[in-house]
Every structure is written in structure tokens, then in C-alpha cells.
Amino acid sequence: MAFDKDSIIASLKEATILDLADLVSAIEEEFGVSAAAPVAVAGAAAGAEAAQTEFDVELTSVGNAKVQVIKAVREVTGLGLKEAKALVDNAPSNVKEGISEDEANELKAKLEETGASITVK
């Protein structure tokens, strides 16, 4: 038997709401799935975005004062000279992750003073 989606669509157009509800229930039982699961996942993801409590600070570009940016990165991260230079050289890269909004904004201001471009995510 060949799968004929056009005839299935035509049958669905003629079905009543009760018939469609029975069809959904039968499909859920037959295949062990739930039609409500994708809706719950989408709702949870939207709620998580709205209440963001942790932020990442990303160095997007260094600007003209690379040495000053390296010094500032060392100061705020506690990294050694080699690690801070590697982080700055590999921009765009995250300077700090999972920090509070206030700390992220302070870090952004401090790094932008040196001429770097920063994005808070």
C-alpha cells in the first residue's frame, strides 16, 4: 500500500473536531507519543529566556589599544599574561560567563574604557 498524503489531507478536511480528537488519541496510543509535549517544551524555553539571571560578557573586537585591553582582561579575570593575550587575540571570545547582570555591566564599562567592543549576552 502506497502512502497517499493527498487522500489523507482530503479525509482530514472532511472530519469533525471529535473525529480529529479521536485520531490524535489513537496516534498517541499507537506510537507512544504525546501531542502536548512540544507545546510544553516551547513554553518552558520562552519562560527561561524572559527570566535570564546569568550573563556572558563577550569581547567582540579589541580596538586600537590592544595592550590596555589585555591588561584589563588580566585584571578582571585573574588570567596570566599569556592566557589573557590569547583570549584577546581570539576575539570574539567570552571574557566571563554566568555572571550577574550588574557584574556584567561593570565589566563591560571597564573594558570599553580601554577601547574594546563588548557584548553582554
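The structure displayed is predicted, hence computed values, not measured ones.

Caption draft 1: Fine view of the nonpolar core. Counting 19 residues, the largest nonpolar core has L59, V69, V73, V88, V95, L107 and L111 as the members making the most contacts within it. Among the secondary structure elements, those contributing two or more residues to this core are β1 (55-61), α4 (66-77), α5 (81-89), β2 (93-99) and α6 (101-113). By residue number, the principal contributor to this core is α4, which donates five residues.

Caption draft 2: Molecular detail of the sheet that holds β1. With respect to topology, three strands assemble into an open sheet ordered β2-β1-β3, the strand pairing being antiparallel. Bordering the open sheet on either side are β2 and β3 (117-120), each of which pairs with just one other strand. Each strand axis lies, on average, 20° off the axis of its neighbour in the sheet, ignoring direction. Here four bridges tie β1 to β3, and the two strands are oriented antiparallel to one another. Following the sheet pairing, V57 is matched in β3 by V120.

Caption draft 3: Layout of helix α2 (residues 17-31). A rise of 1.5 Å per residue sets the reference length of α2, with its 15 residues, at 21 Å; its end C-alpha atoms lie 21 Å apart and thus fit the reference within 8%. Downstream of α2 by a residue or two, G32 has a phi angle that is positive, lying close to 65°.

Caption draft 4: Just the side chain of T114, in detail. Examined against the element boundaries, T114 turns out to sit in the loop between α6 and β3. A distance of 2.5 Å separates a polar side-chain atom of T114 from the backbone oxygen of L111. In this structure, T114 is in contact with A65, Q68, V69 and A72, ignoring residues within four places of it in sequence.

Caption draft 5: Layout of the packing of α4 against α6. Packing of α4 against α6 brings their axes to within 9 Å, and their N-to-C directions diverge by 155°. Judged on the interaxial angle alone, α6 and α4 are roughly antiparallel. The hand of the α4/α6 crossing is right-handed. For the pair formed by α4 and α6, the contact residues are A72, V73, E75 and V76 on the first element and L107, K110 and L111 on the second. Looking at the contact of α4 with α6, its residues break down into five nonpolar, no polar and two charged.

Caption draft 6: Region of interest: the packing of α4 against α5. For the pair α4 and α5, interaxial distance at closest approach is 9 Å and the crossing angle is 120°. Put simply, α4 runs oblique to α5. Here α4 runs over α5; the crossing is right-handed. Contacts from K66, V69, I70, V73 and R74 in α4 reach L81, A84, K85, L87, V88 and D89 in α5. Class assignment for the residues of the contact of α4 with α5 results in seven nonpolar, no polar and four charged.

Caption draft 7: Main features of the environment of I27. Tracing the sequence through the fold places I27 in helix α2. Non-local contacts of I27, meaning those with residues more than four positions away in its chain, are made with G32 and V33.

What counts, and at which threshold
Just so you know, the residues in each chain are numbered from 1, in the order the chain's sequence is written. Only residues with pLDDT of at least 70 get local features here, since the model is predicted, and only at 80 or more are side-chain atom pairs given and counted; chain-wide, interface and lining totals rely on the full set of residues. With hydrogens and water excluded, all non-hydrogen atoms of the structure serve as input to the side-chain values. Put simply, buried Ala, Val, Leu, Ile, Met, Phe, Trp, Tyr and Cys residues joined by side-chain atoms within 4.5 Å make one nonpolar core. Burial classification: accessible surface area is computed with a 1.4 Å probe over protein chains only, and a residue below 20% of its type maximum counts as buried, one above 50% as exposed, and the rest as partly exposed. Helix and strand assignments follow DSSP, with helices taken as H or I runs no shorter than four residues and strands as E runs no shorter than two, numbered in order from the N terminus. Strands are labelled as partners when DSSP assigns at least two bridges between them. Comment: axis = line fitted to C-alpha atoms, over the contacting stretch for helices; angle = value between 0 and 180 degrees taken between N-to-C directions. Under the convention used throughout, the expected extent of a helix is 1.5 Å for every residue step, that is, one less than its residue count. Pairing of N or O atoms within 3.5 Å defines a polar contact, subject to two protein rules: one partner must be a possible hydrogen donor and the other a possible acceptor, and residues neighboring in sequence count only if both atoms are side-chain atoms. A contact between two residues is defined here by any heavy atoms of the two lying within 4.5 Å. Roughly parallel means an angle under 35 degrees; roughly antiparallel means over 145; roughly perpendicular covers 65 to 115; every other angle is labelled oblique. Should the near helix be turned anticlockwise from the far one by less than a right angle, the crossing is left-handed, and should it be turned clockwise, the crossing is right-handed. Residue polarity is assigned by list, with Asp, Glu, Lys and Arg as charged and Ala, Val, Leu, Ile, Met, Phe, Trp, Tyr, Cys and Pro as nonpolar; anything else, Gly included, falls into the polar class.

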